[in-house]
Amino acid sequence: MKTPFLFLALLIVPLGAAAQESPPATTDPEVRPCSVTVPGTDVTGWKEVRAAGFTFCVPASWRPAGRARNGVDARTWRGAGGEVTWGTGTYRSTTTITTVVTVRSGDPLPAPPAGQVNRFTEVIGGSVADLWDNQFDGKHYTGAKWARPSVYVAGESRDAMTARLQLQVYRTVRFAQP
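Below you will find a few notes about this structure.

Basis of the calculations
- Residues numbered from 1 in each chain as written.
- Predicted model: local features only at pLDDT ≥ 70, side-chain atom pairs only at ≥ 80, totals over all residues.
- Heavy atoms only, no water.
- Helix = DSSP H or I, 4+ residues; strand = E, 2+ residues; numbered from the N terminus.
- Buried < 20%, exposed > 50% of the residue type's maximum accessible area, 1.4 Å probe, protein only.
- Areas by Shrake-Rupley, 256 points an atom, 1.4 Å probe, with all protein chains shown as cover.
- Phe/Tyr/Trp six-rings, centres within 6.5 Å; stacked < 30°, edge-to-face > 60°.
- Salt bridge = Lys/Arg side-chain N within 4 Å of Asp/Glu carboxyl O.
- Disulfide = S-S within 2.5 Å.
- Contact = heavy atoms within 4.5 Å.
- Polar contact = N/O pair within 3.5 Å; in protein donor to acceptor, adjacent residues only side chain to side chain.
- Pairing = 2+ DSSP bridges.

**Focus on the overall build of the protein**
From N to C terminus, the protein includes two helices and eleven strands. Each helix and strand of the protein, ordered N terminal to C terminal, gives the series α-β-β-β-β-β-β-β-β-β-β-α-β. Expressed as a percentage of the 178 residues in the protein, the buried residues total 34%. Roughly 11800 Å² of accessible area belongs to the protein as shown, and the carbon and sulfur atoms make up 57% of that amount.

**A closer look at the packing of aromatic side chains**
Within the structure shown, the criterion is met by six aromatic pairs. Here Trp 146 and Phe 175 contribute two aromatic rings whose centre-to-centre distance is 5.6 Å and whose plane-to-plane angle is 80 degrees, an arrangement assigned as edge-to-face. Taken as a pair, Trp 146 in strand 9 (residues 139–146) and Phe 175 in strand 11 (residues 174–175) lie far apart in primary sequence, 29 residues in all. Across this residue pair, the class does not change: Trp 146 and Phe 175 are buried.

**Notes on the pattern of salt bridges**
Oppositely charged side chains are able to pair whenever their charged atoms sit close together. Applying the stated criterion to the full structure yields six salt bridges. As a salt-bridge pair, Glu 83 and Arg 78 come within 2.7 Å of each other at their nearest N and O atoms. Given the relative accessible area of 27%, Glu 83 is considered partly exposed. Here Glu 156 ties to Lys 139 by a salt bridge, and the two come within 3.0 Å at their closest N and O atoms. Taken as a pair, Glu 156 in strand 10 (residues 151–157) and Lys 139 in strand 9 lie far apart in primary sequence, 17 residues in all. On the basis of relative accessible area, Glu 156 is assigned to the partly exposed category, the value being 28%.

**Structural notes on unusual backbone geometry**
Note the cis peptide between Arg 148 and Pro 149, where omega equals -5 degrees. For Pro 149, the position within the fold is in the loop between strand 9 and strand 10. Its identity is not glycine, yet Asn 70 carries a phi of approximately 50 degrees, on the positive side. Residue position: Asn 70 is located in the loop between strand 3 (63–64) and strand 4 (76–79).

**Section: the state of the cysteines**
Within the structure shown, the criterion is met by one disulfide. What pairs with Cys 34 in a disulfide is Cys 57, and their sulfur atoms sit 2.2 Å apart. Measuring the twist about the S-S bond at about 90 degrees, one finds the Cys 34-Cys 57 disulfide to be right-handed. With Cys 34 in the loop between helix 1 (2–20) and strand 1 (47–50) and Cys 57 in strand 2 (residues 54–58), the pair connects residues that are 23 residues apart, well separated along the chain. Each member of the pair, Cys 34 as well as Cys 57, is classed as buried.

**A look at the environment of Trp 132**
Turning to its location among the elements, Trp 132 is positioned in strand 8 (residues 127–136). Considered as a pair, Trp 132 and Thr 121 are eleven residues apart in the sequence and their alpha carbons are 8.6 Å apart. With near-sequence residues (within four places) excluded, Trp 132 lies in contact with Tyr 91, Asn 118, Arg 119, Tyr 141, Thr 142, Gly 143, Ala 144, Lys 145, Ala 154 and Leu 167. Within polar-contact distance, the side chain of Trp 132 engages the backbone oxygen of Thr 142 at 3.5 Å.

**Quick look at the sheet that holds strand 11**
Taking strand neighbours across the sheet as the criterion, the three strands line up as 1-2-11 in an open arrangement whose pairing is antiparallel. The open sheet is flanked by strand 1 and strand 11, the only strands paired with a single partner. Inspection of the sheet shows strand 2 paired to strand 11 by two bridges, in the antiparallel sense. Bridge pairing in strand 11 places Phe 54 opposite Phe 175.

As far as function goes, none of this settles anything; it's purely spatial.
Shown next as structure tokens:
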């Protein structure tokens, strides 16, 4: 008779201990629902990110890489196999791709590594934006920049599907009214 009671007691103790654990802390800012419409994309459930002078939306599963400061959210957001970063001023790419090629003396140099550069313009948030989706060495480098106001959102992803999602994120940019 002692064995069934002992078995039941062993089941109750772990369940009680699990119930007392607190949920993990999150660095997510206050979640604000996205109120923007983007043709061809369902942004229901996306959350709004406050940037300096503008807002944009990201999928609900994306998380900030950093902390909110001075009324704006983190500058970098990660999710779905990539990340995006926002900023003000002139956009400067920090990505450098280096290829090392070894050739024997007298042999012709091989062709440079293949890449694909896609650049286009759209009106987003009432202002003209230059967008890009460039692919090199198996990665996509995406972005959107505006001359007026001088802001940008840029990202890196591992696949074409995530790059397309990042472009949809950029299409949610809305500027604060003066």
